Each structure stands twice: as C-alpha cells, then as structure tokens.
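Each chain, letter by letter, is given below.
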Number of protein chains: 2
Amino acid sequence: MSEKSSYITKPKGYLATGIRCGMKKDGKPDLAFVVSERNASAAGMYTKNAVQGHSLRRTRRIIDQYGHCRGIMINTVSANACIGIQGDTDAERIAEEAAAAIHVRPEEILTCSTGVIGQRLDVEKIIHGIANFETTLSRSEESAHQAMHAMMTTDTVPKESSETIDLNGTPVTISGMAKGSGMIHPDLATMIAVFTTDADIEPGFLDALLHGAVERTFNRVSVDGDTSVCDTVVIMANGMSGQKIVAGTDSQRLFEKAFRKIAEDLARMIAADGEGATKLIEVIVEGAPTDQDALLIVQSICRSPLCKTAMFGQDANWGRIITAAGYSGANFDPNKTDIFFGPLQVCKNGCAMIFDESEAKGILSRDQILIKLELHSGNSSDRMWTCDFSYDYVKINGSYRS
Amino acid sequence: MSEKSSYITKPKGYLATGIRCGMKKDGKPDLAFVVSERNASAAGMYTKNAVQGHSLRRTRRIIDQYGHCRGIMINTVSANACIGIQGDTDAERIAEEAAAAIHVRPEEILTCSTGVIGQRLDVEKIIHGIANFETTLSRSEESAHQAMHAMMTTDTVPKESSETIDLNGTPVTISGMAKGSGMIHPDLATMIAVFTTDADIEPGFLDALLHGAVERTFNRVSVDGDTSVCDTVVIMANGMSGQKIVAGTDSQRLFEKAFRKIAEDLARMIAADGEGATKLIEVIVEGAPTDQDALLIVQSICRSPLCKTAMFGQDANWGRIITAAGYSGANFDPNKTDIFFGPLQVCKNGCAMIFDESEAKGILSRDQILIKLELHSGNSSDRMWTCDFSYDYVKINGSYRS
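Residues numbered from 1 in each chain as written. Chains lettered and ligands numbered in written order. Predicted model: local features only at pLDDT ≥ 70, side-chain atom pairs only at ≥ 80, totals over all residues.

Colleague: How do you make sense of the overall build of chain A when you look at a structure like this?
Modeller: Scanning chain A from terminus to terminus reveals 12 helices and 14 strands. Expected size for 402 residues packed as a compact globule is a radius of gyration near 21 Å; at 22 Å, chain A falls within 12% of this value. Taken along the three principal axes of its C-alpha coordinates, chain A extends 70 × 55 × 35 Å. When burial is assessed residue by residue, chain A has 62% of its 402 residues classed as buried. Long-range contacts, defined here as pairs at least 24 residues apart, represent 79% of the contacts in chain A between residues at least 6 apart. (Helix = DSSP H or I, 4+ residues; strand = E, 2+ residues; numbered from the N terminus. Rg over C-alpha atoms; globule rule 2.2 N^0.38 Å. Buried ≥ 20, exposed ≤ 12 C-beta atoms within 10 Å, placed from the backbone. Contact = placed C-beta atoms within 7 Å.)

Colleague: Sorry if this is basic, but what is going on with the sheet that holds strand S9 (residues 280–288) of chain A here?
Modeller: Hydrogen bonds between backbone atoms are what pair the strands of a sheet, whose relative direction is either parallel or antiparallel. Residues and elements named next belong to chain A. The strand order S12-S11-S10-S13-S9-S14 describes an open sheet built from 6 strands, whose pairing is mixed. Taken across any chain shown, the strands that pair with only one partner, and hence form the sheet edges, are strand S12 (351–352) and strand S14 (380–387). Direction of pairing for strand S11 (residues 344–348) relative to S12: antiparallel, over a ladder of 2 bridges. Each residue of the ladder has a partner; that of Cys 347, found in S12, is Ala 352. Contacts from helix H7 (residues 250–272) reach S9 and S14 within the one sheet, and its direction differs from that of S14 by about 45°. (Pairing = 2+ DSSP bridges. Axes fitted to C-alpha atoms, helices over the stretch in contact; angles between N-to-C directions.)

Colleague: Explain helix H2 (residues 85–101) of chain A to me, please; I cannot follow it from the model alone.
Modeller: Three or four residues apart is the spacing at which side chains of an α-helix point the same way, because the helix has 3.6 residues per turn. Residue and element names in this part refer to chain A. Its 17 residues place the ends of H2 25 Å apart at the C-alpha level, agreeing with the 24 Å of an ideal helix rising 1.5 Å per residue. Every buried residue of H2 is listed here: Gly 87, Asp 90, Ala 91, Ile 94, Ala 95, Ala 98 and Ala 101. Each buried residue of H2 lies within a common arc of 130° when the element is viewed along its axis, so the set occupies one face. (Expected span 1.5 Å × (residues − 1). Arc of directions from axis to C-beta.)

Colleague: Explain the nonpolar core to me, please; I cannot follow it from the model alone.
Modeller: Soluble globular proteins tend to pack their nonpolar side chains together in the buried interior. If you look at the biggest cluster of nonpolar residues, it comprises 261 residues, and the most contacted ones within it are Phe33(A) and Phe33(B). Among all residues touching Phe33(A), those that are not within four sequence positions of it are Ala16(A), Thr17(A), Gly71(A), Met73(A), Ala98(A), Phe133(A), Leu137(A) and Ala147(A). (Core = buried A, V, L, I, M, F, W, Y, C linked by C-beta atoms within 7 Å.)

Colleague: So what exactly am I meant to see when it comes to the environment of Ala288(A) here?
Modeller: Residues and elements named next belong to chain A. Examined against the element boundaries, Ala 288 turns out to sit in strand S9. Assessed through the 26 C-beta atoms surrounding it within 10 Å, Ala 288 is described here as buried. When residues no more than four places from it in sequence are discounted, the contact partners of Ala 288 are Asp 293, Ala 294, Ile 297, Phe 332, Leu 375, Ser 377, Gly 378, Ser 380 and Ser 381.

Colleague: Quick question: what am I supposed to make of the pairing of strand S3 (residues 68–75) of chain A here?
Modeller: Sheet faces and side chains relate simply in a regular strand, where the side chains alternate between the two faces. All names here are of chain A. In terms of burial, S3 is a largely internal element, 7 of the 8 residues being buried. Judged from the 7 bridges that link them, strand S2 (residues 31–46) and S3 form a sheet pairing that is antiparallel. Note that in S3 the partner of Ala 32 across the bridge is Ile 74. Relative to strand S4 (residues 109–113), S3 runs parallel, the two sharing 5 bridges. In the strand pairing of S4, Asn 75 is matched with Ser 113. Handedness of the S3-H2-S4 crossover: right-handed. (Right-handed = clockwise from strand over helix to strand, strands pointing away.)

Colleague: How do you make sense of the domain arrangement of chain A when you look at a structure like this?
Modeller: All names here are of chain A. Split into domains, chain A comes out as domain 1 (14–272) and domain 2 (280–398). When each unit is reduced to the centre of its C-alpha atoms, the spacing between domain 1 and domain 2 is 32 Å. Facing the 11 residues of domain 1 at the interface are 11 residues of domain 2. (Domains from an automatic or database assignment.)

Colleague: What is the right way to read the sheet that holds strand S14 (residues 380–387) of chain B from this model?
Modeller: All names here are of chain B. Strand order in the open sheet formed by 6 strands is S12-S11-S10-S13-S9-S14, and the pairing between neighbours is mixed. Unpaired on one side and paired on the other, strand S12 (351–352) and S14 mark the two borders of the sheet. Sheet topology note: the strand S10 (residues 338–341)/strand S13 (residues 368–374) ladder contains 4 bridges and is antiparallel. Note on S13: the bridge partner recorded for Ile 339 is Leu 373.

Colleague: Where do I start with the environment of Met148(B) in this structure?
Modeller: Residue and element names in this part refer to chain B. Along the chain, Met 148 falls in helix H5 (residues 141–151). We classify Met 148 as buried; it has 26 C-beta atoms within 10 Å. For the pair formed by Met 148 and Thr 17, sequence separation is 131 residues and the distance between their alpha carbons is 8.7 Å. Not counting residues within four places of it along the chain, the set of residues in contact with Met 148 comprises Ile 8, Pro 158, Glu 160 and Met 177.

Colleague: Sorry, what's going on with unusual backbone geometry here?
Modeller: Among all residues except glycine, the phi angle is most often negative; among peptide bonds, the trans geometry is most common. All names here are of chain A. Even without a glycine there, the phi angle at Gln 314 is positive, about 55°. Inspection of the secondary structure puts Gln 314 in the loop between helix H9 (305–312) and helix H10 (318–326). The phi dihedral of His 376 falls on the positive side, at around 50°, and the residue is not glycine. Along the chain, His 376 turns up in the loop between strand S13 (368–374) and S14.

Colleague: Explanation requested: helix H10 (residues 318–326) of chain B in the structure shown.
Modeller: Residues and elements named next belong to chain B. Burial runs high along H10: 9 of the 9 residues are buried. Restricting attention to buried positions, one finds in H10 the residues Trp 318, Gly 319, Arg 320, Ile 321, Ile 322, Thr 323, Ala 324, Ala 325 and Gly 326. Against helix H8 (291–303), helix H9 (305–312), S10, strand S11 (344–348) and S13 lie the buried residues of H10.

Colleague: Explanation requested: the confidence of the model for chain A in the structure shown.
Modeller: Interpreting fine coordinate detail is not advised for predicted regions of low pLDDT. All names here are of chain A. For chain A, per-residue confidence averages 91 on the pLDDT scale, and 94% of positions sit at 70 or higher. Confidence scores differ between elements of chain A, with helix H12 (residues 391–398) showing the lowest mean pLDDT of 74 and strand S1 (residues 14–19) the highest of 98. Per the prediction output, this complex has pTM 0.80; the corresponding ipTM is 0.74. (pLDDT = per-residue confidence, 0-100.)

Colleague: Before we go on, may I ask you to explain the packing of helix H2 (residues 85–101) of chain B against helix H3 (residues 123–130) of chain B in this structure?
Modeller: A pair of packed helices can be characterised by two numbers: the angle between their axes and the separation between those axes. All names here are of chain B. Two elements in contact, H2 and H3, have axes separated by 10 Å at closest approach and are oriented at 10°. One finds that H2 runs roughly parallel with respect to H3. Facing H2, whose interface residues are Asp 90, Arg 93, Ile 94, Glu 97, Ala 98 and Ala 101, H3 presents Val 123, Ile 126, Ile 127 and Ile 130. Residues of the contact of H2 with H3, tallied by class, amount to 7 nonpolar, no polar and 3 charged. (Parallel < 35°, antiparallel > 145°, perpendicular 65-115°, else oblique. Nonpolar A, V, L, I, M, F, W, Y, C, P; charged D, E, K, R; others polar.)

Colleague: Teacher, can you tell me more about the pairing of S11(B) here?
Modeller: Residues and elements named next belong to chain B. Pairing of S10 with S11 involves 3 bridges; the strand directions are antiparallel. Across the sheet, residue Ile 339 finds its bridge partner in S11, namely Cys 347. The antiparallel hairpin formed by S10 and S11 contains 2 residues in its connecting segment, where Gly 342 sits at a positive phi of about 55°. Following S11, the chain reverses through 2 residues before pairing antiparallel with S12; Asn 349 in that reversal takes a positive phi of roughly 50°.

Colleague: What is the right way to read the environment of Val233(B) from this model?
Modeller: All names here are of chain B. Residue placement: Val 233 occurs in strand S8 (residues 232–237). By C-beta crowding, Val 233 is classed as buried, having 27 other C-beta atoms within 10 Å. Separated by 57 residues in sequence, Val 233 and Gly 176 have C-alpha atoms that sit 9.9 Å apart.

Pasting the structure below:
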C-alpha cells in the first residue's frame, strides 16, 4: 500500500526532521518536526474523548483562531495529558523554543504529544533536542522518514502514503504519515496523522476536505475499541504548487480522491499494525436498512474480542459474527442474513451451511481477511478495518508503562 | 463467597441430576436436569441479542404462556442457535423425552442450550442420556453438584449459592447455580443461571422479583463485552415451604435481600472465573450526575481491553481508566475526578498524583482489585465486576470450536 516514494516532504516547500532527545529508553528518535517554508492553511480533527491532552488543546485553539501554521512538532513517551496547568505551560514552552529555532512566532507551531497519560513532558530533553532542528531540517526523503520514525510508539512499521495529481498540467502532491497501533477506535484513536500538500486551499474549505477524507477511513479503524486523549489529524496546505483547489470543480474531485486514497492507505496500515496483530481484517456490511445500522454492525464485529480471537485462531466461528451483529443495536433480520469469509459462504438466511473446514482454514490463514455480511434488508453499506487479537496484544499492553 | 452447603436442591421439593451423554469430548457430564416435585411458578430473563437460540425461544414462550413448569433441562456443547426450523423441532423433541421420563407434559419442561452456534443438538445422544434421568434424579447434594458440573463449558469452577431466611418461624430457602465465563456482558451474557426456592410466589410477582435481583448483579458483569444468543436466567418457586411471599411485607424484603445476595455471589463468581482471568476487578463510580452516567462509566472501564490488560500486568496505569471514562459518553467533569486503586489514590482532580509504585504493585498483585472513581458531580453511583485480560483468554478463544 505504501509507495516506495511516499514521504511527508514530497509536496513542495516542506522540511522535516526526527530527533533523538533521549526520552525513548531504546535511544530511538522521539521528537518529530514538520515545517512548511511558507505560511500554510491548517485544519485539524481531534479525539471526542471528554479528557483531552494539553498539547492537543493548544493545537485546537491555534487552528480555530488562526487557520494557519508553519510547523507541527510531535513528541512521544509522554501524552502531556492530566497534568493540570503545568501541562499547558509545558506545551507552550516547547512551542516557543521550536518557533525560535525556525524564526517564527510560537502560535505558528502546532504541538502533538503521545505516550503515557499523567506523565509530564521532559521539557529539558525536548529543548535540548530542538537545538538540533535548524541543522537537521531538510526536504530529503531520509529526513522525512526520520520524522516518521520519531512519531512511532508501539508501531512496528512506518506508515506513509503520497499521491500526485495533475491540475492544469502542473503536479500537485499530497502526503500523509501516521502513527497508531493501540487504543484505536473511531473518533479517533491513539493516532496522530499529519498531511502536507502544496495545493492552495483556504482554511475553511481545507477543514471540509479533511472531514470528508477522515469519515470513512480513520473513523473506520478499530484495534481495541479504546479511544485516547491525544488523537489528532492535521493537514497543512502551503499553496506552493501554484494550483488552487476550488469547490465544485474537477480540482476538488481529483484532490478529494487522492486525499481519501492516502487516508485509506494509512487507516489500513494502522489496522494491519494493530498491537500484536497477525492479520488485517476488513468487515463489510451490505443491504442494511440505514447507514446507521450498517455502521453499528461493522463497529460491533470489529470491537468483539471473541470475533478477533477467533480470527487469530483461524477458526471459522461465524456464530460469533452473527452474535456481534445481534447485540449491535442495529435493526436487521437475522433470518435474512448471509455471511461470507472471503468467497466462502458459511451462513445463509441466518442458518448454518455445510462448508469445507479446510477451505475456511486456508482463507483464515492469510494475512488479510474479508468478512462480509449481506443483510438483504435495504441498500445501505459500510466497511471497517480491524486486526486479530493475539497473545502479543496482551503482552504489549500488560506492561506498557514499565 | 460460595457456602459449603450451597446446592440447587437445597430448597424443599427439588431433584437434580447431571448426565454424561458423550457430547463433551472429555467425557464429563454435559446434560443437567433440575426438577420440582410439584408444579412451580416460573419466571425468566433472556438475552437482548437480536439473534436468539431455539431452546431459549421455546423456554420464553412456555413461561409467557403458562407461568409454571416442572423442570429445566440444560445441555452444553451445542447452543441450538441459527439452525432454522430443525432447531425448534430438536428442542421440542428432547423436551418430550424429558417430560416422558418424569411423567409430565412437554410444556412443563424448560430447555436451555449453550455451546457452539450453528451446530445441531445431538438429539440421539441427549435422548440416550435422558433414559438415565429417572434412576439418577435425587435431592442429594451430590446430584445437585453433578447438575452444576453438567452446565459448565469453559468455566473452571462451579458457581452455587444458597440462602435460608426465616418466615414466621419456618425456614424458606433459595438456591442458585450459574455457568458462564466468556461472551459475558450485561443483557445478559453467555450465561445460564437457575434458581430454585420453596417459597410460594405467584408468577407475575416472581417475574418482578427476578428483574429486581438481576438488574444490579448479573447485569453488572462483563468479561469481554460480548453478549450471546442463549443467555437465560430462570427461577422456579414451588411453595413447598408453605410460606407465601407477599408484596409490601417483611416477607418480600427478606426474600429480596436473600435473592439479591445469591445473585451477587454468582455474578462475582462469573467475573472471577472469566476466561483466562487471574483476578476479579470491581469498578465503583460515585458522585455521578445521573444513574445513567455512572452506568456508562463502569461499563466503559469494564469493557476496555487496555484497562483489563493493565490489570493483568499489575500496572497502575490510571490514564487508561480516565480515558475509558472519557469516551464512555457519560456527562462528567474530568477535572473533578479522583481515582483510587483499593485505598491508594493515584489521580486527584483529573491530574497525576505522586504515589508509591511498589505500594500500587502490591495492591494490583492481589486476586481482587477495587477501582474507584469519585466524580464529585452528583449523587449517583454504580458498580460492576469484570476480570483481567490475559494470554489465556486469547488461547481459550482462539480455538473454541476445534
């Protein structure tokens, strides 16, 4: 899914770096910085959790107030959440340092934090790291990948995607990078995603485009049903391609398609890299009475530990699938429901079918599994991605802080 | 919690047996039967899943229609769900045989099934087992425990509780037994519970008493957030103590208290015996604005894989607790929230506190853990039981069918 040439500085006029501040115990990069050479339009979407981190609240306030920014700084290890007034002060302090390093104002720097809740930012270490920004920031692919690695927590693979479209003979590029593998569920997830584009888009329209791209991509990923206090998706648009995206024109349609493609790439990568995951699971519901019914069912299946452990065990236990649909709260008729694993039908009209267990085992042993429910009760559909539930999920999360 | 002398035939006039039909691969008892010597009032509560098993639907129909029964038969291995019309025929057929064995009418026998969905009842084996009912049914404690063992699936311990109250100088006894350790969540759970009493209670009032006892006990247990298609709680009241329970009198208050005590015992036992569980977790929310807010928060925490794996890892990661509260949908102020593990406060006004990690580890290493949230936002409270999430949960559920 990730193209070889996907990286966050691919659109014109972006620089990045990933710095080792010494916060991660393994000595890996732990502070990412993405900068636009010019003032960029900015839009963001945030967790709907009632508890929200201090860095996140600062970013939200700046985007709401100004609609523009010059850079985004992302630290790992501490979520900068549930710290009290000190958390706000800390976020402001590191933003001031980062702004000074690239000679802009603090309110032009967005802040994202991810890590342990209730643990203060290590402000000294971060400031020490920021001292390296000016000399290491670059538009190179290597620097961009360094930034990606600096965002990672329990992620095992980097998650980057890029698309280039042609507008009036001029290439316009959009890139995204994302972190997230646990505490993942719609609205949003323990997930931070940064998009950059050299398209010219005014802030209000950029916000609408962002919501459109996220709704059926990032908001359709579940790893464990938990949503965190730091989830943030931000996009910067600096206009340096010279091409403006205008509502209701081909430019909008082309840009939206590319944006959604990248968001879907990243969403699938997040599900596939779910903590302890051995496989990517895509759940599709068709023939639902309403959109809401379709959504309730895909969410319920993607959240069910019993469905997810069965997939880990390569067990064609469709009874757990129809059970999860049954308690989802959706309106549908179980007696009309068909269920498929990949091409193999295992349930017809809500009843058991005789199927070849070895064929089922073969399908479920793959690293991507499609589960489809056909409800025959209407015309609405939805789909969602999740992963299986393995021993390693428990191992990773049994001792995250220590 | 379980008294040594707790067993389902302890109230007057009940017989039980647990038979080996050869459905369980390990040769353990797999068919339970509980009989009242006299016609008994009956009341039931059932899963709210849209998918409901054939045996369950038959029981519901009989209780709705007659309000009385003579016996309850429970089989394991097959859930008798999602089978089509054959599932109804199979349930009726085994009820006829059981009724003939004790010389009553088929509509006096309730049926409960638990096991794999979409797998037909092994009618031949069950009928073969029923042939042993008449010679093995007895009021002995041993027979009652046999019945308990015959209900068990992934349960590791029997779950039985009894209470005796004094009404007008006459002892009145109520007993309960339950199975259930996975696919457990309120409304109801993959849970079957049978209660017997020798009190005299008319069916409508018995139904009200059952709802009262279940609401804050069985409906406050979560193992994995999944609710099954077979969950059933049934009570029989045969009146053989000669004592009538009358609404609005002391007899009601005494009986309710005893009934709730037994239901709570069994609910706690189910949570403690959750699949793969190493500890029982009790979550209490106090100071919520409304009952609904309190319920949403205890449910959200008890369902969170991240909270449950942290408890398995003995990790005082209260950030995951406040996060789960935050996405529960409850109305509360995170900045007023205090969190405690047992007596140890770890969060005050939504902010991190400095606490002794080794003291926390000591508390979390016990086999019963109390997590308390004080919201300081009102007068409503609730509590719920769950267990931790371990490697063994994944192991048990990765290969349940095979």
